[in-house]
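Geometric and topological summary
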Amino acid sequence: MSIAPDTTVVLGHRFAAELPEIALRWQAEVAPDPRLLVLNEPLAAELGMDPGWLRSSDGVGLLVGTRLPADAEPVAQGYAGHQFGGWVPRLGDGRALLLGELVDAGGQTRDLHLKGSGRTPFARGGDGLAAIGPMLREYLISEAMHALGIPTTRSLSVVATGRVVQRDTPLEGAVLARVASSHLRVGTFQYVGAAGQLEVLRRLADHAISRHYPGAAEADNPYLALLDSVIAAQADLVAQWMLVGFVHGVMNTDNMTISGETIDYGPCAFMDAFDPKTVFSSIDSWGRYAYGNQPSVATWNLARFAEALLGLIAEDQDRAVELATESLQQFAPQYSAAWLAGMRRKLGLGHDVEDGTAVQLTEDLVELLDSERVDYTSFFRRLADGVIAPPFEAWASRWRGLSPDIDAMRRVNPVYIPRNHLVEEALAAATAGDLEPFTRLLVALNSPYDERAGFERYAEPAPEDFGRCFQTFCGT
Ligand code: AMP
Ligand code: MG
């Protein structure tokens, strides 16, 4: 006798219950003709959901937010944010909904969230919708980041809605189901902080501590400990972005999580040729969010987080500023340590190599990469294979003298990253109805360190004529 899979989905509503001031009850718009385009079966299993059921019409109804468990309380979350440095007091989920919280197989609470599910009271002038291309893009890149071992929100599914979304041209709409350890952002704290309600702010901070940094509750000053924890998580995260050549593209404070997960894959992209000035976003003409600026932008954002928390850190404002400033000063050393540790792994350096030697070697390498504009990702794999371009010879002989562990290098330097030309090719085909290139690229990206026959072109840099004019677009 076979046992029918348990299809009960339990969606908690702890966020909505604890923070009603910033949770607006709302419902997803009906999708006229929902079609499941992609389902993340391993993630579904991790969440205790039956993939077979998710493919059924009830399951797809859950994934677009129109068939929810009876006691679900979907909400649009309020938040504020600094966008490209300018203060926006009210942003919020304009086209997104928090369906509720799930407890995964490991006992962790995870948000189930939709993007592209229709207008909410936070929509301002927007239509509340998303097109297939950008939602598949978030799916692909977030899953690639996860496979690279970088903290990130995950993608559970993309469902085409059958609704027309008007952009420059008419496009088909889609809803992405996103899974995150929470959707608390720096902008969430700014929203509550700016409203001046200390009691709500304390409840928000307690909620964040309990979900992400329970140890902070035991500290002498839990809210300062929360700040320290977020600084440490972000220092580590941004170091990991830098080590793989990831450019987030729109590091506004509403796109920076408290958990330390990468969130909001809009105009993000991976750098091909090494260049700290790399910027892809069409709306970032000043290069505020260029590759090389990301650590300093993160510090700036964290200072905004600290400002929002000041009232909780100490009663005396000057004392609060003093403590927060001390904490913020920890970002730079923590970031540098995480980056150096990562570079040591990329170069296969053993523990016997002193930090001073490693620092000199990596600094010289960055200078060479910058002047030679070589493909960043394949450089490290080629180095492991002993393929070294003439300008790097002198440097490489110093490196060889440190007896690098070549096998260890192959375990940490990816062969496959979501290169822009491959992503664009896969999305163009998917938008035209052919998901095969998307699926195949996903297979390559799901095991980024494992070089496989038949996937050669996925390891190659972009053709000469592609890179220079490549731009990504925000809010599409
Ligand atoms: P993002 O650029 O995705 O981080 O979004 C910034 C803000 O704009 C958030 O408040 C979003 O909810 C909102 N937003 C982006 N696109 C739309 C849209 N098509 N309709 C309504 N709101 C949107
Ligand atoms: Mg956002």
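Not measured: the values here are computed from a predicted model.

Looking at the coordination of the magnesium ion (ligand 2)
Only Asn255 (OD1) and Asp264 (OD) from the protein coordinate the magnesium ion (ligand 2), and they sit 1.9 to 2.2 Å from it. Accessibility assignment for this pair places Asn255 and Asp264 in one class, buried.

Describing the domain arrangement of the chain
The assigned domain composition of the chain is domain 1 (2–180) and domain 2 (185–476). Taking the mean C-alpha position of each, domain 1 and domain 2 sit 24 Å from one another. Between domain 1 and domain 2, the residue contacts involve 51 residues of the former and 59 residues of the latter. Between domain 1 and domain 2, a total of about 4,600 Å² is buried, with carbon and sulfur atoms accounting for 63% of that surface. Interface area lost by domain 1 to domain 2 is led by Phe84, Arg137 and Leu140, which between them contribute 17%. For the pair domain 1 and domain 2, the interface holds six salt bridges. Arg203 serves as the salt-bridge partner of Glu21, at 2.9 Å between the closest nitrogen and oxygen.

Brief notes about unusual backbone geometry
Look at Asp264: it is not a glycine, yet its phi comes out positive at around 70°. A relative accessible area of 15% places Asp264 in the buried class.

Re helix H11 (residues 331–346)
In this model, H11 (16 residues) spans 22 Å end to end at C-alpha, consistent with the 22 Å of a helix rising 1.5 Å per residue. For H11, every residue scored as buried is listed here: Phe331, Tyr335, Ala338, Trp339, Leu340, Gly342, Met343, Arg344 and Lys346. Of the surrounding elements, those touching the buried residues of H11 are helix H8 (222–244), helix H9 (294–313), helix H10 (317–328), helix H12 (355–372), helix H13 (376–385) and helix H15 (406–412). Positive phi appears at Gly348, one or two residues downstream of H11, with a value of about 65°.

Side note on the pattern of salt bridges
Applying the stated criterion across every chain yields a total of 34 salt bridges. Between Arg67 and Asp58 there is a salt bridge, and its shortest N-O distance comes to 2.1 Å. Taking relative accessible area as the criterion, Asp58 reaches 36% and is therefore assigned partly exposed. Beyond isolated ion pairs, a larger network of salt bridges with shared partners links Glu46, Asp104, Arg110, Glu143 and Arg154.

Each value, and the rule that gives it
Residues numbered from 1 in each chain as written. Chains lettered and ligands numbered in written order. Predicted model: local features only at pLDDT ≥ 70, side-chain atom pairs only at ≥ 80, totals over all residues. Heavy atoms only, no water. Donors = N, O, S within 2.8 Å, 3.2 Å for Na, K, Ca; no water. Buried < 20%, exposed > 50% of the residue type's maximum accessible area, 1.4 Å probe, protein only. Domains from an automatic or database assignment. Contact = heavy atoms within 4.5 Å. Buried area = accessible area lost by both parts, 1.4 Å probe. Salt bridge = Lys/Arg side-chain N within 4 Å of Asp/Glu carboxyl O. Helix = DSSP H or I, 4+ residues; strand = E, 2+ residues; numbered from the N terminus. Expected span 1.5 Å × (residues − 1).

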